[in-house]
Amino acid sequence: MEKLPMTAAGYAVLEAELKHCQQVERPRIIQQITEARSHGDLSENAEYHAAKEQQSLNEGRIAELEDKLARADIIDVSKLSGDTIKFGATVTLVDEDTEEKKVWQIVGEPEANAKAGKISITSPLARALIGKAKGASVEVNAPGGAKAYEIKKIEWR
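Residues numbered from 1 in each chain as written. Predicted model: local features only at pLDDT ≥ 70, side-chain atom pairs only at ≥ 80, totals over all residues. Heavy atoms only, no water.

1. Some remarks on unusual backbone geometry
Reasoning step 1: One non-glycine residue, Glu99, lies in positive phi territory at about 65°.
Reasoning step 2: Looking at the element boundaries, Glu99 is found in the loop between strand 3 (90-95) and strand 4 (101-107).
Reasoning step 3: Overall, the relative accessible area of 59% leaves Glu99 in the exposed class. (Helix = DSSP H or I, 4+ residues; strand = E, 2+ residues; numbered from the N terminus. Buried < 20%, exposed > 50% of the residue type's maximum accessible area, 1.4 Å probe, protein only.)

Here it is in structure tokens:
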């Protein structure tokens, strides 16, 4: 069973989603199915079929979350340190063309969220950054073409 590296915060988010799926969504969907059944003929009952579809998706998500949590390898980022980039590092980069500053934390696949500044360890940018030190320049082949960044800061938070 392959372990999934994950921060404690990422684990907590998945755990909260699992609890929501089990304790809020599951009973709500069961209630919808019960109500739809009371309307009679199930073969042409759109509400019933929609609720059964929702139930299937929710149960699938529960199984997926349980699997990820079971395989989680929680890494305490606050105990990490070092001058080179590895899992858990928060990295400040400057785009060498636009001078735009970006801050990314390198996290496990399940908790990656670009909008929240968290990129997966398996992403092209993270793979280019791993092992590099402050002051280094990295080039990444992004979907919009090659980008060059200078590493300004490496933090463990």
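Here the narrative resumes, following the displayed structure.
2. Quick notes on the environment of Ala114
Reasoning step 1: Relative to the elements of secondary structure, Ala114 occurs in the loop between strand 4 and strand 5 (118-120).
Reasoning step 2: Judged by relative accessible area, which is 53%, Ala114 ranks as exposed.
Reasoning step 3: Between the alpha carbons of Ala114 and Trp104 there is a distance of 8.3 Å; along the sequence they are 10 residues apart.

3. Brief notes about the side chain of Ser123
Reasoning step 1: As for its placement among the helices and strands, Ser123 is situated in the loop between strand 5 and helix 3 (124-129).
Reasoning step 2: You can call Ser123 buried: its relative accessible area is 16%.
Reasoning step 3: A polar side-chain atom of Ser123 sits 3.2 Å from the main-chain amide nitrogen of Ala126. (Polar contact = N/O pair within 3.5 Å; in protein donor to acceptor, adjacent residues only side chain to side chain.)

4. Overview of helix 1 (residues 8-37)
Reasoning step 1: Between its first and last C-alpha, helix 1 extends 42 Å over 30 residues, near the 44 Å set by a 1.5 Å rise per residue.
Reasoning step 2: Of all the bends in helix 1, the largest measures some 35° and sits at Glu25, one to four residues before the proline Pro27.
Reasoning step 3: On the buried face of helix 1, the contacting elements are strand 1 (4-7) and helix 2 (46-70). (Expected span 1.5 Å × (residues − 1). Bend = angle between axes of the 7 residues up to and from the residue. Contact = heavy atoms within 4.5 Å.)

5. Describing the confidence of the model for the protein
Reasoning step 1: Within the protein, residue pLDDT values average 92, and 100% of them lie at 70 or more.
Reasoning step 2: By mean pLDDT, the top-scoring element of the protein is helix 2 (96), and the lowest-scoring one is strand 6 (residues 137-142) (89). (pLDDT = per-residue confidence, 0-100.)

6. Notes on the sheet that holds strand 7 (residues 145-155)
Reasoning step 1: One open sheet holds the 5 strands; their spatial order is 5-4-3-7-6, and the pairing between them is mixed. Every interior strand has two partners, whereas the edge strands, strand 5 and strand 6, have only one. On average, adjacent strands in this sheet sit at an angle of 45° to one another, irrespective of strand direction.
Reasoning step 2: Pairing of strand 6 with strand 7, which is carried by 6 bridges, proceeds in the antiparallel orientation. (Pairing = 2+ DSSP bridges. Axes fitted to C-alpha atoms, helices over the stretch in contact; angles between N-to-C directions.)

7. Considering the pattern of salt bridges
Reasoning step 1: Throughout the structure, instances matching the rule amount to 11 salt bridges.
Reasoning step 2: A salt bridge links Arg28 to Glu25; the nearest nitrogen and oxygen atoms lie 2.5 Å apart. Of this pair, Arg28 and Glu25 both sit in helix 1, separated by 3 residues, roughly a single helical turn.
Reasoning step 3: For Arg28, a relative accessible area of 33% corresponds to the partly exposed category.
Reasoning step 4: A salt bridge links Glu155 to Arg157; the nearest nitrogen and oxygen atoms lie 3.4 Å apart.
Reasoning step 5: The network of salt bridges with shared partners includes Glu17, Arg61, Glu64 and Lys68. (Salt bridge = Lys/Arg side-chain N within 4 Å of Asp/Glu carboxyl O.)

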